[in-house]
Amino acid sequence: MLAPKLIIPATGTVIDLPTAKQQCRVDADVTEDDALIEGFVAAATRHVEKTLDMALLKQTWRDYSCRFDRCIRLSKGPVIGVVNVKYFDGDNVQQTVNSADYQMLVDAEGGYVSFGSSWSAPSIYDRPDAVSVDYEAGVDGADEVEPQIRTAILLHLAFLYENREMSLDTVMTPTGAYETLIWPFRKTVV
């Protein structure tokens, strides 16, 4: 399976600038570090998303498969819904699967696309991206992001801001509190 591809990034941020400045103990009227703090908010947010392999705010992703299976597991969560399922037919021409032929389901491992028992998979061209699923993952607003994840982002943000002039040979490690906050959201790897 190829790596998932971000199609439409999230708009907005999980942590707004006033909250970020308060966490970094920067007065609201001091603006000289605003761009730096916003960059650290983005970096801390991406770090959590990458560590947990999830989407925080609503964004559109594409997952690939080299073949049709009875179900196709979606890599990012929480899944909001499937946009489309496409495939390259035997002539290497991209086709779209009728949305009546599949449904999006969620189990303990996350979201997946399930094809009906009466559905017959078409022949596909031999290529690593023969089947693709576009889907939306994340939540609609920052206030819907789990409080533990928001707190972890704030902790990481403050750590980055406080250590912004640290030398490159210094090892930066997350705090135990950060790890404790994100631990319940980690995917189980078997």
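Above this text you will find the structure in question.
So, the sheet that holds strand E2 (residues 59-65)
Phase 1 of the analysis: Pairing in this open sheet of 5 strands is antiparallel, and the strands run E1-E2-E8-E4-E5 from one edge to the other. For this open sheet the edge positions go to strand E1 (5-8) and strand E5 (94-96), each flanked by a neighbour on one side alone. Each strand axis lies, on average, 30° off the axis of its neighbour in the sheet, ignoring direction.
Phase 2 of the analysis: Across 7 bridges, the pairing between strand E4 (residues 79-88) and strand E8 (residues 131-137) is antiparallel. Bridging across to E8, Lys86 finds its partner in Ser132.

Describing the sheet that holds strand E6 (residues 102-107)
Backbone hydrogen bonds are what pair the strands of a sheet, in a parallel or an antiparallel way.
Phase 1 of the analysis: The strand order across the open sheet formed by 3 strands is E3-E7-E6, and the pairing between neighbours is antiparallel. At either margin of the open sheet sits one strand with a lone partner, and together these are strand E3 (71-73) and E6. For this sheet, the mean angle separating the axes of adjacent strands, direction not counted, is 25°.
Phase 2 of the analysis: Sheet topology note: the E6/strand E7 (residues 110-115) ladder contains 6 bridges and is antiparallel. Note on E7: the bridge partner recorded for Asp107 is Gly110.

Cut-offs applied
Residues numbered from 1 in each chain as written. Predicted model: local features only at pLDDT ≥ 70, side-chain atom pairs only at ≥ 80, totals over all residues. Heavy atoms only, no water. Pairing = 2+ DSSP bridges. Helix = DSSP H or I, 4+ residues; strand = E, 2+ residues; numbered from the N terminus. Axes fitted to C-alpha atoms, helices over the stretch in contact; angles between N-to-C directions.

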